[in-house]
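Survey of secondary and tertiary structure
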Amino acid sequence: MSFPEYHQTPQDHRSAIILVHPIGGFVSKSSFSQIWAELKKVKEVPIGKDNRSLSIRFVPNYPIENNEWGDFQLHRKVIGLICLAQHNEKLTGKDLEELHSDLRNLYDSTLLDSRLVILGLPRSPLPYKNEIVQTEKIMTGDLVIDPNHYDMEQRRCRVAIPDLLDRCNDSLKQIAAEMSETTRKTILSYSDVEEACSYINADIEAMCQSLFYVLESKRLEATKHLKQPSLIMAPFERSTAVIADLETRAGKNRFMARSRKRIGDLCLLVDLPHEAVIQFQASLELLEANGDEFWIGGALEGLAVASSFVLTRELRQSSSLDGNVKRNSSFSNTGRSSPGLLLDPSITLHNSFNHLDLASSRPKLHITFDEIITRYRGAIYKYCKFPAAAIIEMEASLKATRLLIEHKKTKMATEFLHRVAYVNFDDISYTERVERYDVMGDLYHQLKFHRKAAFFKRVAAMHCVSPALPSPAWADCYTLLLKALPGFKMSFNSTDYRVAGHASGWPQIRVRVFHELIYAARQLGDNAAIVRHVSLCLHTMYKYMLDHEIQELVHLLETYTKDNRDDGLPIRNSAGVLLPPVSFSSIPLLRKFELLKLPPQLEPHKQKEVLPSESVFIYSPLNFTRQTPRSLSVTEYEFGWVQGNSGSVEISLFNPLRLELKLKDLSLLVEGVEFQPHPSSHTLPADSGPHAIIIMGVPLTHGTLKILGYQMTLFGVVSRCLFSDLPHIKQKVFSVNVAPSMPALHLSSSLPKSPYMVTGGDNAIVTSAILQVYVGEQRKCQILLKNNGTEPITDLDVTFESEKFQDLLTKILVIDMTAVSASLPLPVGSETALTIKTVGSLRLSDLPSDMLLTPHGSEQPQGASSALIESLLKVTYTGLEGRKHLYYRESIMSIDTVLTPSINILSKSLKSVDKERCQAAYEVFNESNMALRVKSSDKSVLLKPMQSEWVECRLQKTACSASVDECKQCLEESVCLCWESDEKRRVGLISTDRLDWQPAELDTLRMRPFSIVGAVTKNSCSRYLTGQPINFSYTISNTSDKSFTDVELRVVLYQEIASSRCEVDVDTAYVNIGPSHHTIDKIDSGVSIELKSTVAIFYSGRYTVECQCLHNGVFIPGVDSGLSILVT
């Protein structure tokens, strides 16, 4: 046999071969493919009411040489033929019948039935259905195994045919002959391919049933004429005349044994494996007696195949029972086992055509799987003695291998498969060698010997392009190399090569296979596949390649991608295999990925809860929670990005190659929101790193942005590197909350920059300013607010904050939001002015010492020091979309206020001027370095630096019932001291609210409840003599709004000595003539009482006589100012 069938299985021994072949040349490939697909659905054809069936094997072509081996193994014969033809005007029906006849004549020696299928004609009815039914009715006899003809000693079985076979044999032969003649001319026609696909299986099943009955008749005929054997020889035996001898006893027994072997083959074809075992066993005993080695091998193989069928059926039947199947007692008692067949003599085997259950009446066979394999080994051993039967030997090894694979006997399967590689053929072609190694690779793969399977696939690929071939089959070579990849632990998915530790799968072999794949793809001209293979090789195997090899691959990659860039999308190569994109995730190697925050002033903040504003200032349309930017929490991170604003990330890359890498179009891979990347290009020097690279992009919508990886173009290949494929990046997805579009506010001022504050960092400070203010100075400065964003500013809030001096800020700086509130909403590109006013209600003495500065040196007095007060002007704002989703932004301006001393109050005094007015005097001191003019309501003085002066200010007294606090408040409100400088055009207030006044001093501000007007009797010279009585009269009035009781009046005398006065003791320096004390029980509001008193003074001098008032024993000062007299 010249053409081996590498896909032979044990099942093929019971399969009838039907050749399906197109004729005429007008049948398209698509039409043939559709009909072929429908025919392949027919695996077995059930026969009538019997449990038997005919197994079918359709083949598109079959060598004549292989058909000749049908005498040795009947399943190798072509017994059915189906010719496909397309109706055409150029070919008449007669022409098609002639073509059909010519093809049929090639297989005429074995052909039993045929069909001519014509497409394009109306459908023909199913032919010869009546004849098939008639055949079923005739073949209804009893087939009996006569136990008297079975010799248990010799373990032989003879099949006896009853008289029924003699009665029906003539009719059976006649109908089989008629069917053989008529069905050869049967024509099936269909209007189109769709109709053919719908009905051809049913029509062909009728043909298969006729084939079954013909085979069955041949089996019965051969059984009847078993003692009259015919010449049955293998093709290679026909050239030797020594075997063809039927005259001798030995020759007759030899061909009788071969005939039994043929009957066994027929039993397999007609689905009688039990009978086949009997026939093969009987044939084997006769063949061994005659020493027919080659046919012994055939009998052993047939016996192994039939036994495997029987064993499989018995296992299926036993598994379908509900309980354990009990063995027959006759088998239990014998205790004997035979590698062949054991029959119970009491059982009679009836033919299934007698409507009996043939399975229940068949003898029980004791067959083990080891016996089947032993018979296969024996058959192969016999075959190997005959070089002409090398193909038979190889096919038997393949069948045994597949049987063992089915039963999961891996070790024994490898033994049989190993023999296939060493079977020698005469004049074997390279195509057959390729197919043999390909099949071996498939079988090793089924055995899970993947590396050995890959080895044979690769050997087959190399044979496809052998130098001895005139036209190498590069396409087949490429396809086989693709199939070999899994065995070398290779795939087209780059992530499969990521193995911890050392690489597995022999890296050097991998590199070699990659080179072979690349070369084969180049021979095929598949540029896209070349780029994918080179990229994958470079990406996964660069660690195991020399520098010049890497440079060659890089040059090759750049050459093929120069005109056609690899876009990184899945493609199909010339073999139809899907090649996924290759991402250079290891060239360069990413070690670090970090999300970068937006500038602090552009960072969005999420409003947590709505609370009333604690601002002491003002206009607060947004009730934001008072918190620092760091304490804000967003959905995914402490920060987020904003729609329409550029976001950025930082990556750290290493270049592991000893050549320069030029990265182009480096951008981010994202999902979740619409994103506009900003590609960038970078160059990485050879064997260097880390390189910090910034990648930027703009989210165009709001939501949750998921960053999956990055994208770049390297060597002309677009690489989409996902974090899930990078082992050094633990986090596989980076999520960022993107806030809706919001305005962007720019702060600016004409004030100089502060040298004490550094802008930037983690806070939102965008600028700084320093404000030099003299204590008490009043001035205004403006902060410009400009909307540089894309959305109008609808809400805005401004506050001052200080970490240490929040309480002091309101005494220095005040915000005026009048202009800002009038300009809202602030359009895009517009600006408005925020006014900040300075006030003078804070003194340097109120500040702690650590805030004081000595800019001119430490030798200056403490009073000349300045103070630095740090504060933050925080502007919180948002737009329409931001307010809707509760997002806002913050811009902060650092304002450092340098408080410089101006006018300080060193001392103060308060005295009464009259009943309704008093006078406050302040000693002011100029601590500044310039001349200042201090003004009050009564006086204006010019003070040079470090000069002091008293300044008076008259004010109205308060009510007599005013408290101390009310008196102090009246003093602060009534006194207005200011200063101004002509040189620097500065104006300020002198704060008096923090002066420490004693209660006695503040009492001067109160008006008295009583008014006393005194008078003295004057003489002509306006002086009085010592000892002379002096008459005084007093008018006492209640000037308050309430009545008083228990009011006491007394006259007291004071002597004035050297600008001071002292009280004179009564009875020593003077004497009262009459009562000196007067008591008033009650005096109502507005009532006046007159009193008189007479005093004689003993010593000369100037005296003051004062009438004092006591209420409930408590002295009320300031009621009477006193009368001055001169005594001589």
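Refer to the preceding data block for the structure.
Here is a short report on the structure shown in this document. It should be emphasised that the depicted structure is a prediction, and the values quoted were computed from it without experimental measurement.

Calculation criteria
Residues numbered from 1 in each chain as written. Predicted model: local features only at pLDDT ≥ 70, side-chain atom pairs only at ≥ 80, totals over all residues. Heavy atoms only, no water. Helix = DSSP H or I, 4+ residues; strand = E, 2+ residues; numbered from the N terminus. Buried < 20%, exposed > 50% of the residue type's maximum accessible area, 1.4 Å probe, protein only. Contact = heavy atoms within 4.5 Å. Pairing = 2+ DSSP bridges. Axes fitted to C-alpha atoms, helices over the stretch in contact; angles between N-to-C directions. Polar contact = N/O pair within 3.5 Å; in protein donor to acceptor, adjacent residues only side chain to side chain. Parallel < 35°, antiparallel > 145°, perpendicular 65-115°, else oblique. Left-handed = near helix turned anticlockwise from the far one by under 90°. Nonpolar A, V, L, I, M, F, W, Y, C, P; charged D, E, K, R; others polar. Disulfide = S-S within 2.5 Å.

Of the regular secondary structure elements, the protein chain holds 25 helices and 45 strands. When burial is assessed residue by residue, the protein chain has 50% of its 1128 residues classed as buried. Considering only residue pairs separated by 6 or more positions, the protein chain has 74% of its internal contacts joining residues 24 or more positions apart.

So, on to the sheet that holds strand S9 (residues 589–596). If you trace the four strands from one edge of the open sheet to the other, you get S9-S12-S16-S14, paired in antiparallel fashion. Of all the strands in the sheet, just S9 and strand S14 (675–678) have a single pairing partner and so form its edges. Each adjacent strand pair in this sheet contributes to an overall mean axis angle of 25°, direction not counted. Two strands pair when backbone bridges link them, and S9 and strand S12 (residues 647–655) are joined in this way by seven bridges, in the antiparallel orientation. In the sheet register, leucine 596 faces S12, and the bridge partner there is serine 648.

Assignment of secondary structure puts tyrosine 887 in strand S28 (residues 887–900). Spatially, the C-alpha atom of tyrosine 887 lies 5.5 Å from that of histidine 605, the residues being 282 residues apart in sequence. In this view, tyrosine 887 contacts Pro604, His605, Lys606, Asn737, Ala739, Pro740, Met742, Thr878 and Gly882; residues no more than four positions away in its chain are not counted. A polar atom in the side chain of tyrosine 887 sits 2.5 Å from the side chain of asparagine 737.

Of the residues making up helix H17 (residues 474–484), those classed as buried are Cys477, Tyr478, Leu480, Leu481, Leu482 and Ala484. Check the buried side of H17 and you find it contacts helix H15 (430–446), helix H16 (450–464), helix H18 (507–524) and helix H19 (527–541).

This paragraph deals with the sheet that holds strand S5 (residues 113–119). Pairing between the strands of a sheet is mediated by backbone hydrogen bonds and can be parallel or antiparallel. Strand order in the open sheet formed by six strands is S2-S3-S1-S4-S5-S6, and the pairing between neighbours is mixed. Both edges of this open sheet fall to strand S2 (44–46) and strand S6 (187–190), since each of them pairs with a single strand only. Direction aside, the axes of adjacent strands within the sheet are offset by 25° on average. For strand S1 (residues 15–22) and strand S3 (residues 53–59), the ladder comprises five bridges, and the chain directions are parallel. What sits directly across from serine 15, in S3, is serine 55. Of the strands in this sheet, S1, S2, S3, strand S4 (78–86), S5 and S6 touch helix H6 (residues 193–224), which is tilted by about 170° from S5.

Before going further, it helps to spend a moment on the packing of helix H7 (residues 249–269) against helix H8 (residues 273–290). Across the interface, H7 lies against H8 with an axial gap of 8 Å and an inter-helix angle of 160°. It follows from the interaxial angle that H7 and H8 lie roughly antiparallel. In the crossing of H7 with H8, the sense of the turn from one axis to the other is left-handed. In this structure, H7 uses Ala250, Asn253, Arg254, Ala257, Arg258, Arg260, Lys261, Ile263, Gly264, Asp265, Cys267 and Leu268 to contact H8, whose residues at the interface are Pro273, Glu275, Ala276, Gln279, Phe280, Ala282, Ser283, Leu286, Leu287 and Asn290. Across the contact of H7 with H8, the residue classes break down as eleven nonpolar, five polar and six charged.

What follows concerns the state of the cysteines. Simply put, disulfide is the name for a covalent bond between the sulfur atoms of two cysteines. Counted by the stated rule, this structure contains zero disulfides. In this model cysteine 1109 remains outside any disulfide bridge; the closest cysteine sulfur is found in cysteine 1107, 7.5 Å from its own. Of the residues examined, cysteine 1109 reaches a relative accessible area of 0% and is grouped as buried.

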